[in-house]
Each structure stands twice: as structure tokens, then as C-alpha cells.
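Tertiary structure, described
If you want the building blocks of each chain, they are given just below.
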Amino acid sequence: MNKIALSLCLAGAFALPGLAQARPVILTTQLKNYSGDGAYLAIYVTDAAGQYQKTLWVSGKKAKHYKNLRDWARGSGLNRAEYDGVSGASVGSGRALKVTVDLADTLIDAGFEIRVDSAVEDGRDNPADVRTALTTQGAGKPTPGRGYVQSFTYDM
Amino acid sequence: MLRRIHSLPALIATLLLVVAAISGAFLSANPAIERLGTSVPANGQISVAALAERVARHYPGAEQIQRSPSGTIIVYFSQDGGTGAERVDPLSGQGIGPYAPSPFTRWVKNLHRSFLADTPGRAVAGVSALIMLVLCLSGMALLVKRVGGWRQLMRPLRGNFSQRWHAELGRVAIFGLLLSALTGLYMSAATFGLVSDGAQTEPDFPGVATTGPVAPIGTLPALQAIDLNDLRELVYPSPGASEDFYSLRTAQGDGYVDQASGALLSWRAHDGVHKTYELIYQLHTGEGRWWLGLLLGLSALSVPLMAGTGVVMWWQRYRAMPRIADNSGAQSADTVILVGSESNSTWGFAKALHDALREAGQRVHTAPMNRLATQYRQAKHLFILTSTYADGDAPGSANQFLARLDRFSDSHRPRFAVLGFGDRQFPKFCQFAIDTQDALLARGWQQSLDLDTIDRQSTQEFARWGEAVGQLFGRKLNLAYTHKHPPTQALELISRSDYGTQVQAPTSILRFGSITPQNRVARFLRRIGFNGLPRFEAGDLVAIVPPGSPVPRFYSLASGSKDGFLEICVRKQPGGLCSGMLHGLQRGQRIDAFIQPNPNFRPASGKSSVILIGAGAGIGPLAGFIRNNTDKYPMYLYWGGRDPASDFLYEPELGGYLADRRLTELHAVFSRVKQGAYVQDRVLDNASQIRQLIEEGAQILVCGSRAMAASIMHALDGILSPIDLDVRTLKRQGRYREDVFGYA
């Protein structure tokens, strides 16, 4: 019993340096006052060519609507492992979503982008509602969206 | 049992069902409204490619084209950095207005599917659909039972206002409600993953796009091959991304279309499960089937009315249920009292017995005979107090007793005593009490007291029986029963017409009115329809309490409260306390009365003919039915009196009814004239006409003496035998009703 506990502690200690290479990033997504139910959002990282890298956050609980977050759905292959643990409720009209995620340092200032796909039931789908470069300078500067998103900001 | 399965969930879920139904009815109009504002091209007229080409002319920034199930084409586009959505004409591709789904409709939709409470609300909505299903099925079973079989289901219905409307609406709306409940339940189950929602995995994104110049959308072969009416959604590739594809959803399946070659890639056809779910979705929402939507909506509108009438019926039953204080449980009681009663009058006696036995230290359980348990573990004594219904039948609270008796356990049988209630004037006096006694003896039950009977609610006879019961317990039992009846209302005689004194059958038509003060308020109230009378219809009974007797006498009503007066037709009985009092009444004198509804004795709703048969004073309610026949359905009156010169009751009125066609034919016949005859003779004279009317669905209402009713039944059995029918069958179908009284 004790042995197991000890080895778990050791494993934790070895894992820590790996975690240290990531940093918490606060993502703030302010929605417009549109007419419709809660919006489904996917916030994810792509390379400059738009190639999917990693899911940061998914809003909306019903997986059957995920296909409407089109680019993200295509990139992630709607693979459960891609969004497990980083999903929450849909975001109502005019509301803001504020989440903190861990982002690997290797993704910052390395030519990657954050994108937001949005969709609302009986409304339009907005792939790449927001596109913004993931850089240290860009942090804290709001980027306007072209669909349901009013503005998107990430803070490090 | 069935009734409880029906009413208990209904009472619990009434509010939810009404909300779901009203919101559903509102939403059901949408497919039809949408369809009205849409021109749908014929199949094969326009391809997706053709539409996309036209759209491209007007919307260079088109990103997505959707076709709603009702055929509305919606284009999503971006323009000058913003976005928009517009409805377009499928023929020209030109915009016809912005696409802005109504926020109110969206709100109603959320109310309908989740009561505005998200996931928990959706679960409640699913349960509501299940309850609706239970209500549909149990309601149908109840109605079938009530009308006497599936084949009788479309027959006209009887009953009081609520009963009639509840059943009438129910049988019309049942198909729509069943469909809504079943499909709703399936959709709810799909939401919670209990059944498949038909979702298929997305088609694989094609690997590599064809290199080459991007072709104009109208030339893409894959889009040319798809009819516009099969389109669900076409999403354009991201602008400038040459490696991207059009993604296409159609009624048959989903896939991608290459921008350069126009080839259909990664096609995934819909499977059976997907198509099933889509069909069920359509059947629930009416999307793409606007007429179905309207039908479902109309059915749903019946729900609030059914809920209202249902709650009223439940309340009426609840109120009518006698309440016994300090009732012990069936298995803990050492004495059990079972009651068979039609109009609840026997319950008063049961309560007196219950109280006396409790005072004697017994634990007493009192219940309707239909609640006979399968055993009584502690009980040593069983008392059965029962009246008899009509011609020796079981009264309402005992009609399942004999069937239940077979299921009673062989052990734990208390010793029993039966007490019958009835009226010696009727030929089958206390017949059901006798039947009950015989059934118990035949099954080997031990009797503690011989069968005893109570004539016309006699308190003396009841007290005497109480002495015998007391001896069983070795002590004196004080059975003090006082007649209790609903509160009475004083009524005033406003007019009378007298007939029949010359032929020894003094009969009077008495009209009573309410006693209202002669002031301005009262005059105003009368003018707007408040005549101060209790509510009643012709065929109901008025109970009149004569001075000097606590027992009310019942008379059939010849008018409805809407007529503004209460009318009865009364023959003076030799030595009759109440009829004597009534015949001595002068204008302005008063009586005390209350109403006893008799909803089974009145013409059924519907257009089928009505044959009214009566003799003597029995014409009263029949004349009332004719007076109210303002819709002029065919009514045939057969009536027998003694001498047209003396006792032709209602003669002037009947002439007027014939003239304005409220009455179709009048067959009056008299016995004390030359070649005199009785009403049954006249019925036999017209056998072929009556047979034909009954074949066409006519119903028969008989009112008069028991002897006359028996002759009529005999005559009709003879008339109906050639067409394999008899009065028994008609009675079971509810097409033959009697209102008979004791004297000959």
C-alpha cells in the first residue's frame, strides 16, 4: 500500500517539469446580442495554414450539434479525447465566456493561431468566427469576430 | 382500476399537458404558415447547381444555402465585413426578405420541449409524453367500456355536460394525441440516448482536392445531379482555400463536392435508423407535412378542454364519494361493511351501522362492494348493505362484486349478513340483495343473520335489524339513522294545468319558479339569465320533501333550468303524501326541493332519430326533450292516455311542436274511448317504421309506469327479432333508456 503511494508521489514529481512548460491562459469570448438560443463555440489552435493542432475549449453539451462547428469538427475528427475535460455549457446571447486553459509554451510565438467556430440552432454556422495570431504581443488585445462573437481576448 | 390509471396521472400532469398542448398547437401552425409564404418548384424543375448559380448572381458572398422542410430557401452570406441571412426565391435566386426566425416562436419551442428548464425540463417533457400516452390508451379503454364495445365507439354519447364533452372530444382527438405522444416519447428517448437519434458519423473529409482552376458553381456535375427539393444544406468552401470542398447534405445522404472537378466525394447515404428518426421527427412537428401539422395542432387544442372537463368530472366523483370517519384498514378491521349503492342513499345507513359498531368497540372497515378485498385477515363479521338497480341489477358501486367474489381466498372468511334496500312497489324488490346472498351461500360462506330488507328507507325497520345485529355482539346496538339529503331550495308554484279528473286519473302539470325579490337587481339578473333556479335539464329528477316526512320523493323534470321554470307532471296517487300535497298547491305556495341529476335519461348528442314512448304522467320529461329539440332532429312520440277529452296532457304544446317541426310525428292513443288501445298497441301498429328507425341508429327513451315499460319492452323485442336485435342489446349500447316509476 505504502509502496504504491510512494511510487505515485514519485511519478508526480517526475511529471511536474513537463507541466511547468505550459502556462495558464485566460480566454474571454464576448458574444453579440443575437436572436437565438445559446451558442455552441469551439476555441482551438491551428497552424498558419489552418491545420488543426489542439482544442482549448468547447461550449455546448449536445455532441450532435458539434458537426456545426465545422472547421473544428473536421480538424479534431470529433474525437472525444480531443475535447474531454475542456467542455462546458453553451453561451447565451450577449453573454461572455471566460475560461482558463493550460497552453504549451511551444505553441506561443511560433506562428500558431487561435480560432473560434460558432453555431446556433436554426441559425448560421460560423467557421473561423474569430482568427487571431497566438503571440505574446497579441495577449490582452481584443479581436472582433465576424459571426456571433463580438470580441475575443486571450490573457497570459 | 382503469379509471384510476386514467385520472391519477392526469390530475398530476394536467398543467404540464396543457402547457405542452397549447405550445404544440401554436407550433403546429408554423409549417402551414411557412408553406404559404413559399413557392415550391416541381420535382425535377430546378437542380441545386441551377439554384446556386442564380444565388451567386445576387449574393457574391454566399457561404451557405439551406432548404427548410417546407421549402423555404435561405442563403447565408457575408458582405462588406458583416454577415446576413435572407430568404430567396428558388426560381430567380433573388432575395425576398431577411431570414429572422421569430424570438417568440423560439420561446414557445423551448417551452414545448423543455418547459424552459433545459435538460431537467426535457426529462419532464418526456414524462409528460408518456403520461399522455397512458391517458390516450386508458381513456380509449374507458370509453369502449362505457359504450359497450369497439363497434359502438362512434355512437352518440350521453352523460352530463363534462362527461359528454370529455368523451366526444376524446374520440375525435385520440389519433392526433396518440401520434403526438408516441413520436414525442421517441424523440425524448432519443434526446436521452435511450434510442438512436439516427445520427451518423460525418463523411470522411476527402484527402486531396483536384488541382485546377475553380469551376463556376453552376457547372459542377454533382450539384447538377441533385434536385432542389432534396437539398438540406450546401456549405461553400472557405473563400480562397483551393484545398477545401463544398459540403453537401441532402435527403438521401451527405458528402463533399470538389471545387474544380465537381465530383461527389466521400458520399455517405442515410441508413434506415436515420430515415426512421427523420420520419418520426416529421410526424411530430408536421415539418414538410403542413396538413398533418394542422391536424395535430387541432387535436392538441382539445387537451385544455379535456383537462378542464376531466378535472370537473373527478371533482364531481370525489364529492359524491361518501366519507366515513375513523375507517379502519381492511386487514386490521374485525368487522367489515360493504355498500352497494347507486345514488349513495344506502351510505347513510352504512354510516349509522359503522358508528354504532365502533361505539360497541369494534374496529370497522366500510367500503363499496366493488372494493371487496381478496381476504380480511382479522374480520369476524361482514355486513353487506345493498340496494338494487333497475330490474334486479347490481347498483353502481357493486357491479363488479360478484366477479371479485370468485377471487376471495378460501381462508379468512368472516360470517356474513345481507341487508337489502328497496321499494316494495317494484316487482324485483331487493333482487340484488337476494342474488348476493345466494352467491355467498353457493360459495360456502357462513351466514350470521338471515337476509333482511328495508322498504323505502324505513328507519324503524333499520332499527329493528340493528337489534338483531346487536345480539351477534352480545349488546344493545343503537342504529339511529336520520335522513340526510342535499340542502333544499324553496320554489314557488307559478302556474298549473289540471287534467284527467273525469277519467279517475287526476294529473297536473306544475310549474315552479325561484323565489326572488322583486327589485331592480333581481330583474336585471333575470334578464341576463340568472333565474335563481338550480341547474338541471329535462330528464333529471327533482326531489321534493313533503312536510311531515323526511324522505324525499323524486319526480322527472319536464323542463331545463334554461327554460326559466321547473316543470313536473304529477299524477295524484290515492293516499299519496307528496302527490296529494302537490295537487293541493295554489299559485304562490311553496315547496322544498333539490335536484338529483339523471344524466343517462336524455337524448344522446348527435343526429340520430329519437323515439319517445310514454304513458300518463310519463310524458313530462318527453315533452321537455321535445321542447328543447330546437335543432329539430327527428323525434317520434308514442303516448298513451285515457280519454282525449280529459287527460290529453300537453295537447296544445304538442300541436305547436309538430307545427315548428320540433316533433316529427305524434302517435297519441287512448284507452277509454271506442276501440281504445294502449301505447304498446300503437307501437306494434308501426312496427316496420320503428324497426327501420332503429336499424338506422335511432335511440329509444321510455317513461311511465313499470307495467307499461314491461309491455313496451315485450313489444319491441317482437318488433326487433327479425333483425336479430333485442332491447337487452340496445340497453347495453345505451340506446334504450327507461325512467319508470312504481305504480301501475
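Small disclaimer: the values here were computed from a predicted structure and weren't measured. (Residues numbered from 1 in each chain as written. Chains lettered and ligands numbered in written order. Predicted model: local features only at pLDDT ≥ 70, side-chain atom pairs only at ≥ 80, totals over all residues. Heavy atoms only, no water.)

All names here are of chain A. Taking strand neighbours across the sheet as the criterion, the 5 strands line up as E4-E3-E2-E6-E7 in an open arrangement whose pairing is mixed. Taken across any chain shown, the strands that pair with only one partner, and hence form the sheet edges, are strand E4 (87-88) and strand E7 (125-133). Pairing analysis gives 2 bridges linking strand E3 (residues 52-59) to E4, with the strands arranged parallel. Paired with Ser 59 across the strands is Gly 88, a residue of E4. (Pairing = 2+ DSSP bridges. Helix = DSSP H or I, 4+ residues; strand = E, 2+ residues; numbered from the N terminus.)

Looking now at the packing of helix H5 (residues 161-191) of chain B against helix H7 (residues 272-285) of chain B. Residues and elements named next belong to chain B. It is at 9 Å that the axes of H5 and H7 come closest, and there the two elements cross at 130°. By the angle between their directions, the pair H5 and H7 is classed as oblique. Classified by chirality, the crossing of H7 by H5 is left-handed. In this structure, H5 uses Leu 179, Ser 180, Thr 183, Gly 184, Tyr 186, Met 187 and Ala 190 to contact H7, whose residues at the interface are Tyr 277, Ile 280, Tyr 281, Leu 283 and His 284. Taken together, the residues of the contact of H5 with H7 break down into 8 nonpolar, 4 polar and no charged. (Axes fitted to C-alpha atoms, helices over the stretch in contact; angles between N-to-C directions. Parallel < 35°, antiparallel > 145°, perpendicular 65-115°, else oblique. Left-handed = near helix turned anticlockwise from the far one by under 90°. Contact = heavy atoms within 4.5 Å. Nonpolar A, V, L, I, M, F, W, Y, C, P; charged D, E, K, R; others polar.)

Spanning 15 residues, helix H19 (residues 706-720) of chain B covers 21 Å between terminal C-alpha atoms, matching the ideal 21 Å at 1.5 Å per step. On its buried side, H19(B) packs onto strand E20 (610-615), helix H17 (679-685), helix H18 (687-695), strand E23 (699-705), helix H20 (727-732) and strand E24 (736-741) of chain B. (Expected span 1.5 Å × (residues − 1).)

Each disulfide consists of a covalent bond between the sulfur atoms of two cysteine residues. All names here are of chain B. For the structure shown, the criterion picks out 0 disulfides over all chains. No disulfide involves Cys 569; its sulfur sits 9.1 Å from the nearest other cysteine sulfur, which is in Cys 703. Exposure remark for Cys 569: the relative accessible area of 8% places this residue in the buried category. When its relative accessible area of 0% is taken as the criterion, Cys 703 is described as buried. (Disulfide = S-S within 2.5 Å. Buried < 20%, exposed > 50% of the residue type's maximum accessible area, 1.4 Å probe, protein only.)

All names here are of chain B. Enumeration according to the criterion identifies 30 aromatic pairs over all chains in this entry. With 5.5 Å between their ring centres and 65° between their planes, Tyr 236 and Tyr 246 make a pair best called edge-to-face. With Tyr 236 in the loop between strand E5 (231-235) and strand E6 (245-250) and Tyr 246 in strand E6, this residue pair connects regions lying 10 residues apart in the sequence. Their ring planes at 40° and their centres at 6.3 Å tell us that Trp 314 and Trp 315 sit as a pair that is tilted. Members of the aromatic cluster, each reached through a chain of ring pairs, are Phe 349, Phe 383, Phe 421, Phe 462, Trp 465 and Phe 473. (Phe/Tyr/Trp six-rings, centres within 6.5 Å; stacked < 30°, edge-to-face > 60°.)

Let us look at the interface of chain A and chain B. The interface of chain A with chain B comprises 15 residues on the first partner and 27 residues on the second. Three residues, A:Arg74, A:Arg124 and A:Arg146, lead the burial of chain A against chain B; their summed loss comes to 35% of the area buried on that side. For the pair chain A and chain B, the interface holds 7 salt bridges. A salt bridge links A:Glu121 to B:Arg113, with the nearest nitrogen and oxygen atoms 2.8 Å apart. (Buried area = accessible area lost by both parts, 1.4 Å probe. Salt bridge = Lys/Arg side-chain N within 4 Å of Asp/Glu carboxyl O.)

Here the focus is the packing of helix H3 (residues 103-114) of chain B against helix H4 (residues 118-147) of chain B. All names here are of chain B. Where H3 meets H4, the closest approach of the two axes is 6 Å, and the angle between their N-to-C directions is 60°. Classified by the interaxial angle, the pair formed by H3 and H4 is oblique. Between H3 and H4, the residues in contact are His 112, Arg 113 and Ser 114 and Asp 118, Gly 121, Arg 122 and Ala 125, respectively. The residue inventory of the contact of H3 with H4, partitioned by class, reads 1 nonpolar, 3 polar and 3 charged.

Here the focus is H7(B). Residues and elements named next belong to chain B. The terminal C-alpha atoms of H7, which comprises 14 residues, lie 20 Å apart, in line with the 20 Å expected from a rise of 1.5 Å per residue. What H7 keeps buried is the set His 274, Tyr 277 and Ile 280. All buried residues of H7 project into a common sector of 130° when viewed along the axis, lining one side. Following H7 by one or two positions, Gly 286 adopts a phi angle in the positive range, close to 75°. (Arc of directions from axis to C-beta.)

Residues and elements named next belong to chain B. Of note, the phi angle at Ser 266 is positive, near 50°, even though the residue is not glycine. Here Ser 266 shows up in strand E8 (residues 264-269). On the accessibility criterion, Ser 266 (30% relative accessible area) is partly exposed. At Asp 724, a position not held by glycine, the phi torsion is positive, near 60°. In this structure, Asp 724 sits in the loop between H19 and H20.

Treat this as a map of the structure, not an account of what it does.
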